Amino acid sequence: MAVAKVPPQIEKPYDYLGEKAEFGPALFSKLVPFAVHVAISIYEERRDRLVNNNIIAELESLTDKLHEILSILNLPGSLQALEKPLGLPGTLVQHAEEIRQADALNRLQQGIADIEKLCASDIAIFEEGKALLRAEEEEDQALRRKYGTQRWTRPESRADPSQDGGAKLWKQASEIDGYLQSSTSSDAIVRDKFAAVKDTLAILAGPDRGIMDYIPNSRQAIIPEPLKPAIGKLRAAYNDALRMESRRRKRVDSLKTRTRSDDIKPDILAETARLERTYPNQPIVAAHFEEFFNKRLDNLYESELEALEKERRDQDKIVSEIQRANKEFEAQKNILGEKGDRERERALQRLDHAYYKYKEIVSNLEAARKFYNDLARIVELFRTQCRNFVNQRRKEARVLEE
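Read on for an overview of the structure. (Residues numbered from 1 in each chain as written. Predicted model: local features only at pLDDT ≥ 70, side-chain atom pairs only at ≥ 80, totals over all residues. Heavy atoms only, no water.)

Close contact between helix α6 (residues 166-205) and helix α11 (residues 342-401) brings their axes to 9 Å; oriented N to C, the two are set at 160°. With respect to their mutual orientation, α6 and α11 come out roughly antiparallel. The element α6 and its partner α11 pack so that their crossing is left-handed. In terms of residue class, the contact of α6 with α11 is built from 26 nonpolar, eight polar and five charged. (Axes fitted to C-alpha atoms, helices over the stretch in contact; angles between N-to-C directions. Helix = DSSP H or I, 4+ residues; strand = E, 2+ residues; numbered from the N terminus. Parallel < 35°, antiparallel > 145°, perpendicular 65-115°, else oblique. Left-handed = near helix turned anticlockwise from the far one by under 90°. Nonpolar A, V, L, I, M, F, W, Y, C, P; charged D, E, K, R; others polar.)

This is the structure:
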């Protein structure tokens, strides 16, 4: 009268489960151990530190040194003053257009204001945590005076060596205080950089007529024939430097894109499965992935680290060529008695210097913004730990008083 019939969805459940199947993915199919989430965070933090501090920061430092040497040699101002004795050089026009489109002055002013707000917010949170620790310490000292050290046997706040004890929190406070002092000093340097080039940037951001009024025209518009070969050599060496910088900038952009697309999750899930098979009775912890992290970072970024040495050698070679060509150029000018128009040369150099300082300050502000955002997580955790510690100490104090 009745036949036991198993529904096909129960008899063959995997035919009905999956991303595109009737019932979608199986419940909890994407649930992973907490250690995996911790491991992903550790890898991403380590990867970002490696890429930003050991590769990108080094490349930017090399570029800064290059422009510092060029500025000492008065390049490209000395070339532009002779090659373009009237009007505006083409590269200067391009720089001015970039400054206008970026709204450079407002961008830098807003960036500095944002950094000051982030810094003030981090300091306020940090000071709140320290205030909690100081208040608890004062309360403990008052109770110690009231009851005497023989009766008030609890250790002092800073003497508590436990995992969440006061000694550890005060040590953290000292470390964070060091970070803040260092960062505020760096912020002051960035503000000084901006103040030094603000007026010149305002000229670059203005109309071409204002720039032409700032740059005097040369009195002599003809380059002596014997000087042309020296100018050609120096221009070729200088262009090599510009090409190297452009190639380096593209490399940094490509590296940032590759870092953003570096999704470790599928590989780490496969590694988790392997570890579970290898050690079936052992719980998975983040430390088990150390070797996996090192291999992955080496495979993806070791070549970039090795390429840094080649970048240094290439830059040293180009700088040597520029210095040699510039020495010949200056010597030829002295032989011919060709002094050019020094005022025009200096004006062009100041504008070129302001443009590259603008790029440098933008990079500084981006680094500062990332630093303060990362520090915000640290000081918020510090404040939370301080609250928990103080609450626990106050409970202990009440019990001891009773």
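Once you've had a look at it, read on.
Where helix α2 (residues 34-72) contacts α11, the axes come no closer than 11 Å and their chain directions differ by 160°. Judged by the angle between their axes, α2 and α11 are roughly antiparallel. Helix-helix and strand crossings are classified by hand; for α2 and α11 the assignment is left-handed. In this structure, α2 uses Asn52, Glu60, Asp64, His67, Leu70 and Ser71 to contact α11, whose residues at the interface are Gln349, His353, Tyr356, Glu360, Ser363 and Lys370. Taken together, the residues that form the contact of α2 with α11 break down as two nonpolar, six polar and four charged. (Contact = heavy atoms within 4.5 Å.)

With that out of the way, let us pick up the packing of aromatic side chains. In total, this model carries seven aromatic pairs according to the counting rule given. When the centroid spacing of 5.7 Å and the interplanar angle of 40° are considered together, the rings of Tyr43 and Phe293 count as tilted. Pair noted here: Tyr43 is in helix α2 and Phe293 is in helix α10 (residues 290-336), with a separation of 250 residues, a long-range link. Of the two residues examined, Tyr43 and Phe293, each falls in the buried class. (Phe/Tyr/Trp six-rings, centres within 6.5 Å; stacked < 30°, edge-to-face > 60°. Buried < 20%, exposed > 50% of the residue type's maximum accessible area, 1.4 Å probe, protein only.)

Take the pattern of salt bridges next. Two side chains that carry opposite charge are able to pair once their charged atoms sit near each other. Using the criterion set out here, one finds 47 salt bridges in the structure. The residue Arg100 makes a salt bridge to Asp208 at a minimum N-O spacing of 2.6 Å. A residue pair is termed long-range when its members are at least 10 positions apart, and Arg100 in helix α4 (residues 90-101) and Asp208 in helix α7 (residues 208-214) qualify at 108 residues. Owing to a relative accessible area of 25%, Arg100 belongs among the partly exposed residues under this scheme. (Salt bridge = Lys/Arg side-chain N within 4 Å of Asp/Glu carboxyl O.)

With that settled, the discussion passes to unusual backbone geometry. Cis geometry is adopted by the peptide bond preceding Pro76, which originates at Leu75 and carries an omega value of 10°. Positive phi outside glycine occurs at Asn74, with the angle close to 65°. In this structure Asn74 comes out as buried when scored by relative accessible area, which is 18%. Look at Asp103: it is not a glycine, yet its phi comes out positive at around 50°. Inspection of the secondary structure assignment puts Asp103 in the loop between α4 and α5 (104-147).

These values are about where atoms sit, not about what they do.
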